[in-house]
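Geometric and topological summary
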Amino acid sequence: MHPTTQLLQEARDRVTFPIQELTKLIYGNEEIYQTFMKAQKIIENEPTIKNHPDYHNWGRKEQIIKSYEKIRIMHQHFNLSNAAHWAPMLSLFQGTTPSAVSFGMTVPALRFLGTDEQFNLWGPKFLTMEIVAAYAQTEIGHGSDVQNLETIATYNSQTNDFVLHTPSVSAVKFWPGELGFLSNYALVYAKLIFNGKNKGVHPFMVQIRDNSTHKPLKGVAVGDIGPKLGYSTKDNGFLAFDNYRIPLNSLLARYVRIENGQFSRHGNEKISYASMMVSRQLIIFIYPRMAAQSLTVAIRYSITRQQFTNDKGVENSVLEYQTQQDKLLPRLATCYGMIFVGFRIMELVDDNFHRVQKKDFSTLQQSHAILSALKAWSSQWVVDTAEWCRLSCGGHGYAHYSGIPAIYFDTAPNVTLEGENQVMYLQVARYLLKVLQYVEKNPEKVPFYFNFVLHIKETLANQSTEYGQLLKLTLTIQLISVAKKIKDSMSTGKNFQQVWNEVVGVQLLSVAQRYAEYFTYLVFQEQIQSANSSVKEILQQLCDLYSLQVILDNPNTLIESGRINGEQFKQLNEAKIELLNKIKPQALGLVEAFNFSDNALRTCIGCHDGKPYEYIYEWATKENSVNIKGVPQAVNDLMGTKIKARL
Ligand SMILES: Cc1cc2nc3c(=O)[nH]c(=O)nc-3n(C[C@H](O)[C@H](O)[C@H](O)COP(=O)(O)OP(=O)(O)OC[C@H]3O[C@@H](n4cnc5c(N)ncnc54)[C@H](O)[C@@H]3O)c2cc1C
């Protein structure tokens with residue numbers, strides 16, 4: 001057998017748990033798994049959309065055209081109305097997916113915020129892609145602070161319609177995905193001016209391009225904003241309006257209405273969270289699967305990559321080094337936690353959606369807090385994981401041919417879009433403090449995933465070093481501490497906003513992140529309890545490694561509060577090393593449970609047959625169009641100049 005193939009095969013033989021049992025958990029059900037496998041096959045067998053080694057040598061236009069072709073073909077094969085079906089597929093393509101914003105952001109907003117009639121008017125046209133609509137909220141001057149958006153929609157009582165206008169350069173819509181070329185509609189967030197009064201920011205469904213020519217309509221300026229960090233196939237755009245008339249029906253009217261010349265509100269104003277929940281849920285669900293891709297490449301490569309000879313005269317696989325395990329295995333453990341969180345979040349969003357439909361808003365805020373926490377935490381974690389995987393592959397990790405750099409830059413925007421992470425964490429902290437206030441007067445209001453606040457005394461008194469307890473303890477201590485600091489600072493005469501912005505900001509971020517970590521632990525535990533007995537042990541090891549890594553990354557609270565001493569800290573470190581040793585032989589099985597095809601991984605160093613060197617050389621020499629096209633003119637010109645200079 002080929003020597004590096006043999007290394008991979010031996011590693012496969014060492015795996016002791018039934019891989020297919022984990023595959024079932026990763027995909028949730030057979031139908032989703034089969035859809036995912038079918039998508040992998042279609043991409044591989046369809047030459048126009050197959051992932052291509054030379055992709056990163058192409059120009060942006062070629063990349064975009066290929067992306068459009070890919071989505072056209074996928075629409076032929078799949079019913080893309082079901083997010084659980086298409087979401088796992090998004091990790092399979094080179095480049096971001098056109099229409100994902102339209103489906104993942106605009107359609108949910110229409111569903112939540114539009115009336116049934118409005119949904120029936122536009123909704124079916126989305127499915128056939130007769131309508132593709134950008135989600136146009138952010139402006140040049142404001143993103144996070146939605147209430148200060150400047151675009152104006154003025155109601156005209158004479159004509160019973162609106163005039164949409166961009167009053168300044170800072171009011172130009174900027175960044176919305178699919179606005180640059182693809183969309184013919186946009187869901188525009190604008191300040192509604194009614195009878196001279198500002199009624200707040202509301203969404204308007206607006207046609208921006210002509211149905212037959214696709215040219216911008218009169219009064220609309222629209223286009224692509226230019227190159228970014230990666231994300232080259234996404235046509236993030238700009239959009240400005242010059243006194244552009246739009247019909248009354250443009251205003252999504254489930255919760256605000258203008259009828260008979262009167263403006264009225266219905267339901268809970270926080271409902272605008274609801275549509276963002278869907279897109280944040282997708283971020284939490286999809287992107288850990290891209291982290292799983294980078295881990296698959298890095299772990300396969302680390303088994304086949306040999307550096308330095310051991311005492312038996314044999315070269316070591318780099319995965320044998322503890323430091324390499326430390327880079328990858330805690331991340332692999334966390335990845336499993338994130339995958340399980342993805343499913344749990346889908347259930348929470350689904351439940352919330354059904355309640356909201358019945359005008360029950362009781363779970364809205366807790367769902368918003370959980371999603372914000374997990375969106376922020378998981379999106380940063382995915383990017384960091386891609387970077388660590390790249391580093392773990394040495395020089396070859398730096399090449400696009402490894403497949404890892406593109407995962408880094410295609411996931412990096414998630415830290416910022418759909419709510420900038422730190423802004424999200426601050427909202428989570430606000431909710432945690434609110435829940436803390438329920439404890440004395442309204443304990444029944446504390447939602448299930450926040451009930452740690454009901455057990456503060458027991459948690460503080462518990463001396464156990466069990467990992468879940470330590471995570472809960474850290475969260476509890478931090479929450480109490482920040483609440484006390486706010487109270488103390490306000491007693492010195494500062495107002496709440498000052499204290500929030502200038503005194504406790506860093507602590508607020510920390511407590512929100514601790515919440516995300518603790519939530520992930522809870523979900524991990526739920527998953528272990530319901531898992532098949534054949535995989536309980538490996539899942540428990542992964543959960544332990546995940547928890548230990550989280551504790552060891554941020555031990556300050558436990559140390560400062562005297563809750564763990566030096567000896568206990570040492571034991572936690574030793575327990576982690578022991579787990580690295582236990583999980584190392586299972587690592588290949590753990591990544592292969594995801595069942596990514598070689599083409600889906602877009603890699604030459606992490607393929608299933610374990611021949612990195614052959615593919616590295618083959619891709620560099622045979623797939624690399626820079627070589628294939630011969631000596632560029634510029635080289636000839638340069639050499640000519642030099643020769644002349646020498647003469
Ligand atoms: C690739 C990409 C795609 C996008 N797609 C879309 C889209 O489809 N539709 C759309 O409408 N928008 C889109 N956006 C815009 C995106 O939603 C915003 O950029 C994002 O919400 C962040 O807002 P901002 O740019 O105003 O950042 P800012 O809020 O200006 O953030 C700048 C810094 O200030 C900090 N900060 C801000 N407020 C506070 C505060 N209160 N307390 C403490 N710190 C604070 C932040 O943490 C950050 O460090 C996209 C952006 C990107 C990068």
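Our structure is the block above this text.
Description of the structure in this document.

Cut-off values and rules
- Residues numbered from 1 in each chain as written.
- Predicted model: local features only at pLDDT ≥ 70, side-chain atom pairs only at ≥ 80, totals over all residues.
- Heavy atoms only, no water.
- Near = heavy atom within 4 Å.
- Polar contact = N/O pair within 3.5 Å; in protein donor to acceptor, adjacent residues only side chain to side chain.
- Areas by Shrake-Rupley, 256 points an atom, 1.4 Å probe, with all protein chains shown as cover.
- Phe/Tyr/Trp six-rings, centres within 6.5 Å; stacked < 30°, edge-to-face > 60°.
- Buried < 20%, exposed > 50% of the residue type's maximum accessible area, 1.4 Å probe, protein only.
- Lys NZ or Arg CZ within 6 Å of the ring centre and 35° of its normal.
- Helix = DSSP H or I, 4+ residues; strand = E, 2+ residues; numbered from the N terminus.
- Contact = heavy atoms within 4.5 Å.
- Pairing = 2+ DSSP bridges.
- Salt bridge = Lys/Arg side-chain N within 4 Å of Asp/Glu carboxyl O.
- Core = buried A, V, L, I, M, F, W, Y, C linked by side-chain atoms within 4.5 Å.
- Disulfide = S-S within 2.5 Å.

**Re the site of the ligand**
The immediate surroundings of the ligand are formed by 19 residues, with Y135, Q137, T138, S144 and E420 found nearest. Contact between the ligand and Y135: a nitrogen atom at 2.7 Å from a main-chain N or O atom of the residue. Between G143 and the ligand, the recorded distance is 3.0 Å, taken from a backbone N or O atom to an oxygen atom. For the ligand, the accessible surface in isolation is 970 Å², of which the surrounding protein chains cover 64%.

**Some words on the packing of aromatic side chains**
Evaluated as defined, the whole model comprises 30 aromatic pairs. Consider the rings of Y27 and F36, whose centres lie 4.7 Å apart with planes at 35°: the pair is tilted. Given a relative accessible area of 1%, F36 falls into the buried group. An aromatic cluster is defined as three or more aromatic residues linked by ring pairs; in this entry it consists of Y27, Y33, F36, Y336, F340, W377, F524, Y546, F594 and F596. Above the plane of the ring of Y27 lies R289, whose end atom (NZ or CZ) is 5.5 Å from the centre.

**Section: the side chain of E178**
On the secondary structure map, E178 appears in the loop between β4 (173-174) and β5 (185-194). Of the residues examined, E178 reaches a relative accessible area of 0% and is grouped as buried. A distance of 3.0 Å separates a polar atom in the side chain of E178 from the backbone nitrogen of A100. Excluding its chain neighbours within four sequence positions, the residues that come into contact with E178 are T97, P98, S99, A100, V101, S102, V132, A134, S183, K234, D235 and N236.

**Regarding the pairing of strand β2 (residues 152-156)**
Residue alternation in β2 divides its side chains into a buried set, A153 and Y155, and an unburied set, I152, T154 and N156. The pairing of β2 with strand β3 (residues 161-165) spans 5 bridges and is antiparallel. By the bridge assignment, T154 is partnered in β3 with V163. Note: β2 against β5, 3 bridges, orientation parallel. Bridging across to β5, T154 finds its partner in I193.

**Overview of the pattern of salt bridges**
Two side chains carrying opposite charge are able to pair once their charged atoms lie near each other. With the rule as written, the count across this model stands at 20 salt bridges. Residue K484 is joined to D488 by a salt bridge in which the shortest nitrogen-to-oxygen separation is 2.8 Å. On the criterion of helical spacing, the pair formed by K484 and D488 is a turn pair, its members being 4 residues apart in helix α15 (residues 467-491). For K582, the salt bridge is made with E578, and the minimal N-O distance between the two is 4.0 Å. Of this pair, K582 and E578 both sit in helix α20 (residues 566-583), 4 residues apart, which is roughly one turn of that helix. Taken together, the salt bridges that share partners define one network made up of R12, R300, E592 and D598.

**Focus on the nonpolar core**
Of all hydrophobic cores here, the largest spans 176 residues; its most connected members are Y336, L374, F450, Y515, F519 and L539. Residue contributions to this core peak at 19 residues, all from helix α8 (residues 272-304). Sequence-distant contacts of Y515, defined by excluding residues within four places in its chain, comprise I370, A373, V428, L432, Y449, F450, F452 and L475.

**Observations concerning the state of the cysteines**
What the rule picks out here adds up to 0 disulfides. Here C389 is not cross-linked by a disulfide; its sulfur's nearest cysteine counterpart is in C393, at 6.9 Å. Among the cysteines around C604, which has no disulfide bond, C607 carries the closest sulfur, lying 7.0 Å off.

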